[in-house]
Amino acid sequence: MLALTLEEFMVELNDGAIKNVGPNNKAATVKLFDVDSAEAREFGDKRLKLVFEDEDDNEIQVSLFPEDVRELVDDIESLEEDSPVFD
């Protein structure tokens with residue numbers, strides 16, 4: 001399931017073209033639940049891409065620098081040691 005929250009979001013659709021309307025103060029939150037597949041791969045010369053997909057083919061891609069991936073791995077390892085989620 002993909003949940004998408006858009007704030008202060010307004011666009012104009014004119015002859016098939018989408019155009020921003022109003023100030024550039026838009027924000028979005030995307031959540032993907034019940035992920036069926038997760039993959040990590042190289043993205044360019046300096047980043048990694050994490051790709052998550054659910055059974056409905058909703059997909060989220062996240063590009064991270066290696067130091068951010070290392071922090072994420074450290075967080076997961078800490079959870080493995082301390083959280084009942086991994087029991």
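Quick caveat, the model's predicted, so the values are computed rather than measured.

Bringing a nonpolar patch on the surface into the picture now. On the surface, a nonpolar cluster with roughly 770 Å² of combined accessible area is contributed by Leu2, Leu4, Leu6, Phe9, Val11, Leu13, Ile18 and Val30. For the nonpolar patch, the secondary-structure elements that each account for two or more residues are β1 (2-7) and β2 (11-14). A per-element tally of the nonpolar patch places β1 first, with 3 residues. Relative to the helices and strands, Leu4 resides in strand β1.

The side chains of a regular strand alternate between the sheet's two faces. Bridging between strand β5 (residues 35-43) and strand β6 (residues 47-54) involves 8 bridges; their strand directions are antiparallel. Bridged to Phe43 within β6 is Arg47. Here β5 folds back onto β6, and the loop between the two strands holds 3 residues, one of which, Gly44, carries a positive phi near 70 degrees. Counting the residues that bridge the hairpin from β6 to strand β7 (residues 59-64) gives 4 residues, and of these Asp57 lies at a positive phi of roughly 65 degrees.

Size it by volume and the largest pocket reaches roughly 200 Å³. If you trace the largest pocket, you find it lined by Leu50, Val69, Leu72, Val73 and Ile76. Broken down by element, the lining of the largest pocket gets its largest block of residues, 4 residues, from helix α1 (residues 66-82). Here the lining of the largest pocket is built from residues that sort into 5 nonpolar, no polar and no charged.

This part is about the sheet that holds β5. Where strands meet in a sheet, backbone hydrogen bonds hold them as pairs that are either parallel or antiparallel. Strand order across the open sheet formed by 3 strands is β5-β6-β7, with antiparallel pairing between neighbours. One side of each edge strand has no neighbouring strand; the edge strands of this open sheet are β5 and β7. Mean inter-strand twist for the sheet, computed between neighbouring axes without regard to direction, equals 15 degrees. Seen against the sheet, α1 touches β6 and β7 and runs at an angle of roughly 110 degrees to β7.

So, how was this worked out
Residues numbered from 1 in each chain as written. Predicted model: local features only at pLDDT ≥ 70, side-chain atom pairs only at ≥ 80, totals over all residues. Heavy atoms only, no water. Patch = residues over 30% accessible without salt bridge, like charges linked within 9 Å, V, L, I, M, F, W, Y side chains within 5 Å. Areas by Shrake-Rupley, 256 points an atom, 1.4 Å probe, with all protein chains shown as cover. Salt bridge = Lys/Arg side-chain N within 4 Å of Asp/Glu carboxyl O. Helix = DSSP H or I, 4+ residues; strand = E, 2+ residues; numbered from the N terminus. Pairing = 2+ DSSP bridges. 1 Å grid on protein atoms, 1.4 Å probe; cavity = no way out; pocket = protein on both sides within 12 Å on 5 of 7 lines; lining within 4 Å. Points joined across faces, edges and corners; volume = space filled by probe spheres on them. Nonpolar A, V, L, I, M, F, W, Y, C, P; charged D, E, K, R; others polar. Axes fitted to C-alpha atoms, helices over the stretch in contact; angles between N-to-C directions. Contact = heavy atoms within 4.5 Å.

Coordinates in, geometry out; function isn't part of it.
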